[in-house]
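Given next are the chains, with one letter for each unit.
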Amino acid sequence: MTASAIFPYINTLYAFLSQYKLILLLLLQVIPLCFAEEYDDVPLQDIRVIRDESLVDNNSFNSYITENPFLGRNDEEDFSWLDDTIKDIAYYLRSHKFNEFDRRYEIKTENAPREYYGKFPKPSLKSLHWEVQEFCEPSFLSCMKYMKRKLKEVGLKRQDDTAVVMTEQNWTREENWQMIKEVDNECVKMREKDDKLADPFQGPIERFQWRTTASYYLCWYTMNEVPDLEHINEECDNFAYCFDYTYGERNRDYRANDEEPFACARYSFCPDPCCPAIRHTTNHIECDNNPWNPCFETNSEGRRNCKLVRSENTNFREIILNRWNVTCNCSDAGYRYSSRYGLCIDIDECGDNSHVCENKTEMCINLPGTHECACSWGYTFNVDENKCTESSALALIKKDRKEQEEEKKNRTMAKSLVKMLYAKLVALASSWDVALDRTKRWLVYPGGGQAKVVMGIAWPIPLGLKQKMSCSVNFQYEGPVPTNISQLHQYPPIIPSRSVDKRDTDDKSDNRMQAYLKMEEALESYGFKDGRSCLLRSICENAMDSVDHEANGILGTLLHIFLSPDYGDGEVDGELDAAYVDAQKAGYYGVDCLSLYPGCPYGNGVLDFVSAYL
């Protein structure tokens, strides 16, 4: 194809892309969201991006890596920097939680949903930010040391925020409004610049990945109750977004009360699964009566309070995937709320060892909403003592077992003693220099009689669930016994005339294939036109309507077994011709056997001689 012939196709493609450009852009935004949920269960990958390595100096962080990642500061080193670092990272990630949107899928910032106060991004990050993972995975202290150095390079810092300046300077809106406005104007300029440049990152998308990963780890440390996060010693009830003209420098959100342990850390680092749809509130009643409250549907008004227990939410992966364990009220005693199922389930007191049963004499039986104790095996309930006591039968069993063990022990000791005496006698006899001899002895029967030796081989043949037949072959030797010593010399010795070769174990002359071939020859010898077709037709008809019936007795069972290539139990001889198995399958599926095997007309089949089917 020449270049001139390609140009029309290129022009057509260009016109198509120009006309439907908007639709294609929309598809590129929607398609990732359609498949987003699939990534929630995909393990996070450590895909490292190219980064400025000057910041990464592992040697300077080694002293902060602890064996337990959730340990806080100690008294051996200077940790004066840690308090300010916690405040700075709490501010920086609080801004992400309340003001950020999903940079991976949203283009227009004005209408993009900002809802990370209720849940972490969905779908979760496909890969954690490599720097955060490297320093925050080993320990909390190494994570904070890294955060301290990283936050020095961000655009809008905590100390530049209007709310922080007002708190430090003790300014009020009534007396210092002009200065507040000037500080806030500068704060807004730095915020807008930071939104565009996203220093020190390579753009807003990397900053989104960094802050989301940092939120994962700091929330994880909060749930595992790192001591240094219990109180951050600063008012945190703000959105970290300069001056808020709706709520002021403090929004008075009851969830950001630093007097409560880990409240500010949760408010800054973690979403609120109990109140996921409300960005700001001053009381829990508003959250309780919100339909997005997990406890809303299972409880009536006044009983919808939802609790997030930190000790039940310590798994890093579950935190990332927003799989929170919350606690709701249950109307019935003996039940507890399950976040997994979204309803109240029975408490298994027996399984979690919260029962009151005596472990030695009683066993626990779990019941809906409760449990009961029953006497264990060998124990009976004593009404007088109001408890389970050992039964007399168990006492006898224990006594008998003890006697058996003592008897076994005595027998073992006796055997050991006999062996020891025997060994000593053998050793003594071997030291005697005496030739040992014994006269040959004979056994005769003066009264006469017959001596008989019988050997037999038997094998069972199953005929049904409750029937079984045995076939056997016996070999017998019989002769008179000697009545006096002289008769012992009348019989010559038995000398085998030839050796008997071992039977070939691979001989298959008696298997089903040989039996079928013999049957076909027999049918043809009796005048049947085609012995093979007649046998195949009989196998087909037996599979369709078996003669193995109780009224036909053992004869019907034997005939059914013979006409079943799979022995009636699904096992097929490896050397068996597939035609026999196909005939059986045809009968199972209801194929007309007479038409299938025209070489055996009616009256020539084995089953044609059966007078009636039962």
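Residues numbered from 1 in each chain as written. Predicted model: local features only at pLDDT ≥ 70, side-chain atom pairs only at ≥ 80, totals over all residues. Heavy atoms only, no water.

Colleague: Just to check I follow, could you spell out the state of the cysteines for this structure?
Modeller: By definition, a disulfide is the covalent link that joins the sulfur atoms of two cysteine residues. Under the defined criterion, the tally for this structure stands at 13 disulfides. Across the disulfide from Cys219 sits Cys270; the S-S distance is 2.1 Å. Taking the sign of the S-S torsion, about 120° here, the bridge from Cys219 to Cys270 comes out right-handed. Of the two residues, Cys219 sits in helix α8 (residues 204-223) while Cys270 sits in the loop between α9 (263-269) and α10 (284-288), which places them 51 residues apart along the sequence. There is no split in this pair, since Cys219 and Cys270 are both buried. (Disulfide = S-S within 2.5 Å. Helix = DSSP H or I, 4+ residues; strand = E, 2+ residues; numbered from the N terminus. Buried < 20%, exposed > 50% of the residue type's maximum accessible area, 1.4 Å probe, protein only.)

Colleague: In this structure, what is going on with the environment of Ser595? I would like to understand it.
Modeller: On the secondary structure map, Ser595 appears in helix α17 (residues 593-596). Once the C-alpha coordinates of Ser595 and Arg537 are considered, the two residues, 58 residues apart in sequence, prove to be 9.3 Å apart. A polar contact of 2.8 Å, which involves the side chain of Ser595, links it to the side chain of Asp592. (Polar contact = N/O pair within 3.5 Å; in protein donor to acceptor, adjacent residues only side chain to side chain.)

Colleague: Just to check I follow, could you spell out the packing of helix α5 (residues 140-151) against α8 for this structure?
Modeller: Any two packed helices are characterised by how steeply their axes cross, that is the angle between the axes, and by the distance between the axes. Contact pair α5 / α8: the axes reach a minimum separation of 12 Å and the direction vectors enclose 145°. Between α5 and α8 lies a crossing of left-handed hand. On the side of α5, the interface is formed by Phe140, Cys143, Met144, Tyr146, Met147 and Lys150, while α8 contributes Trp210, Ala214, Leu218 and Tyr221. The class makeup of the residues in the contact of α5 with α8 is 9 nonpolar, no polar and 1 charged. (Axes fitted to C-alpha atoms, helices over the stretch in contact; angles between N-to-C directions. Left-handed = near helix turned anticlockwise from the far one by under 90°. Contact = heavy atoms within 4.5 Å. Nonpolar A, V, L, I, M, F, W, Y, C, P; charged D, E, K, R; others polar.)

Colleague: Please explain the packing of aromatic side chains as it appears in this structure.
Modeller: Any pair of aromatic rings gets described here by the distance separating the centres and the angle formed by the planes. Applying the stated rule across the entire model yields 24 aromatic pairs. Relative to Trp81, the ring of Phe79 has its centre 5.9 Å away and its plane inclined at 40°; by these criteria the two rings are tilted. Of the two residues, Phe79 and Trp81, both sit in the buried class. Here the aromatic rings of Phe135 and Tyr146 are separated by 4.8 Å at their centres, their planes lie at 15°, and the arrangement is stacked. With a gap of 11 residues between them, Phe135 in helix α4 (residues 130-136) and Tyr146 in helix α5 connect regions that are remote in the sequence. Here the aromatic residues Phe70, Phe140, Tyr217, Trp220, Tyr221 and Phe316 are joined through ring pairs into a cluster of three or more. The ring of Phe296 carries Arg304 above its face, with NZ or CZ at 4.0 Å from the centroid. (Phe/Tyr/Trp six-rings, centres within 6.5 Å; stacked < 30°, edge-to-face > 60°. Lys NZ or Arg CZ within 6 Å of the ring centre and 35° of its normal.)

Colleague: Teacher, can you tell me more about a negative patch on the surface here?
Modeller: There is a patch of like negative charges on the surface, built from Asp75, Glu76, Glu77 and Asp78. Relative to the elements of secondary structure, Asp78 occurs in the loop between α2 (21-34) and α3 (80-99). (Patch = residues over 30% accessible without salt bridge, like charges linked within 9 Å, V, L, I, M, F, W, Y side chains within 5 Å. Areas by Shrake-Rupley, 256 points an atom, 1.4 Å probe, with all protein chains shown as cover. Salt bridge = Lys/Arg side-chain N within 4 Å of Asp/Glu carboxyl O. Lys, Arg positive; Asp, Glu negative; His and termini not counted. Charge placed at Lys NZ, Arg CZ, Asp CG, Glu CD.)

Colleague: So what exactly am I meant to see when it comes to the pairing of strand β7 (residues 379-382) here?
Modeller: Pairing of β7 with strand β8 (residues 387-390) involves 4 bridges; the strand directions are antiparallel. Looking at the pairing, Tyr379 lines up with Glu390 of β8. Between the antiparallel neighbours β7 and β8 lie 4 residues, among them Asn386 with a positive phi of about 55°. (Pairing = 2+ DSSP bridges.)

Colleague: Even after reading the chapter, I still don't get the packing of α3 against α5, so can you show me in this structure?
Modeller: Viewed as axis vectors pointing N to C, α3 and α5 meet at an angle of 70°, and their least axial separation amounts to 9 Å. On the basis of the axis angle, α3 is roughly perpendicular to α5. Between α3 and α5, the contacting residues are Trp81, Leu82, Thr85, Ile86, Asp88, Ile89 and Tyr92 on the first element and Phe140, Leu141, Met144, Lys145, Met147, Lys148 and Leu151 on the second. Residue composition of the contact of α3 with α5, by class: 10 nonpolar, 1 polar and 3 charged. (Parallel < 35°, antiparallel > 145°, perpendicular 65-115°, else oblique.)

Colleague: I'm lost on a nonpolar patch on the surface in this one. Help?
Modeller: Together, Val453, Met455, Ile457, Trp459, Val473, Phe475 and Tyr477 give the surface a local cluster of nonpolar side chains, amounting to about 740 Å² of exposed area. Counting residues per element, the ones that place at least two in the nonpolar patch are β9 (450-462) and β10 (468-480). Positionally, Phe475 belongs in strand β10.

Colleague: Before we go on, may I ask you to explain the nonpolar core in this structure?
Modeller: Soluble, globular proteins show a tendency: their nonpolar side chains are buried together. In this structure, Phe140, Met144, Met147, Trp210, Tyr221, Leu229 and Phe269 are the most contacted members of the largest nonpolar core, which totals 61 residues. Taken together, the elements giving at least two residues each to this core come down to α3, α4, α5, α8, α9 and α11 (316-320). No other element matches α8, which puts 10 residues into this core. Beyond its immediate chain neighbours, meaning those up to four positions away, Phe269 contacts Ile89, Ala90, Leu93, Phe120, Ser215, Leu218, Cys219, Thr222 and Leu229. (Core = buried A, V, L, I, M, F, W, Y, C linked by side-chain atoms within 4.5 Å.)

Colleague: Explanation requested: the pairing of strand β6 (residues 370-375) in the structure shown.
Modeller: Across a regular strand the side chains alternate sides, sitting on one face of the sheet and then on the other. Sheet topology places strand β5 (residues 362-367) next to β6; 6 bridges connect them, and they run antiparallel. When the sheet's bridge partners are listed, Asn366 is paired in β6 with His371. In textbook terms, the turn of a hairpin is the stretch between consecutive antiparallel strands, and for β5 and β6 this stretch comprises 2 residues, one of which, Gly369, has a positive phi near 80°.

Colleague: What am I meant to see in unusual backbone geometry here?
Modeller: It is generally the case that most residues other than glycine have a negative phi and that most peptide bonds are trans. With an omega of 0°, the peptide bond between Lys122 and Pro123 qualifies as cis. Looking at where Pro123 falls in the secondary structure, it is placed in the loop between α3 and α4. The peptide bond linking Asp199 to Pro200 adopts the cis configuration, its omega dihedral lying at 0°. Looking at where Pro200 falls in the secondary structure, it is placed in the loop between α7 (173-197) and α8. Look at Cys242: it is not a glycine, yet its phi comes out positive at around 65°. For Asn386, which is not a glycine, the phi torsion comes out positive at approximately 55°. Positionally, Asn386 belongs in the loop between β7 and β8.

Colleague: I'm lost on helix α16 (residues 578-588) in this one. Help?
Modeller: A turn of α-helix holds 3.6 residues, and therefore any two residues three or four places apart point the same way. Among the residues making up α16, those that are buried are Tyr580, Val581, Ala583, Gln584, Ala586 and Gly587. Where α16 is buried, its residues meet α13 (512-525), α14 (531-544) and α17. For α16, the capping residue at the N-terminal end is Asp577, with a side-chain oxygen 3.1 Å from the backbone nitrogen of Ala579. A positive backbone phi angle near 80° is found at Gly590, which sits one or two residues after α16.

Colleague: What should I look at first to understand α13 in this one?
Modeller: Between its first and last C-alpha atoms α13 spans 20 Å; for 14 residues at 1.5 Å apiece the expected length is 20 Å, and the two agree. Those residues of α13 not exposed but buried are Arg512, Met513, Tyr516, Glu520 and Leu523. Taken down its axis, α13 places every buried residue within 105° of arc, on the same side. In α13, the exposed positions angled more than 90 degrees off the buried face are occupied by Lys518, Glu521 and Ser525. Against α14, α15 (553-562) and α16 lie the buried residues of α13. Looking one or two places after α13, you find Gly527, whose phi comes out positive at around 100°. (Expected span 1.5 Å × (residues − 1). Arc of directions from axis to C-beta.)

Colleague: Looking at this model, I keep getting lost on the environment of Gly599. Mind explaining?
Modeller: Locating Gly599 in the fold gives a position in the segment after α17. Spatially, the C-alpha atom of Gly599 lies 8.7 Å from that of Arg532, the residues being 67 residues apart in sequence. For Gly599, the residues in contact, after removing those within four places along its chain, are Lys529, Asp530 and Ser533.

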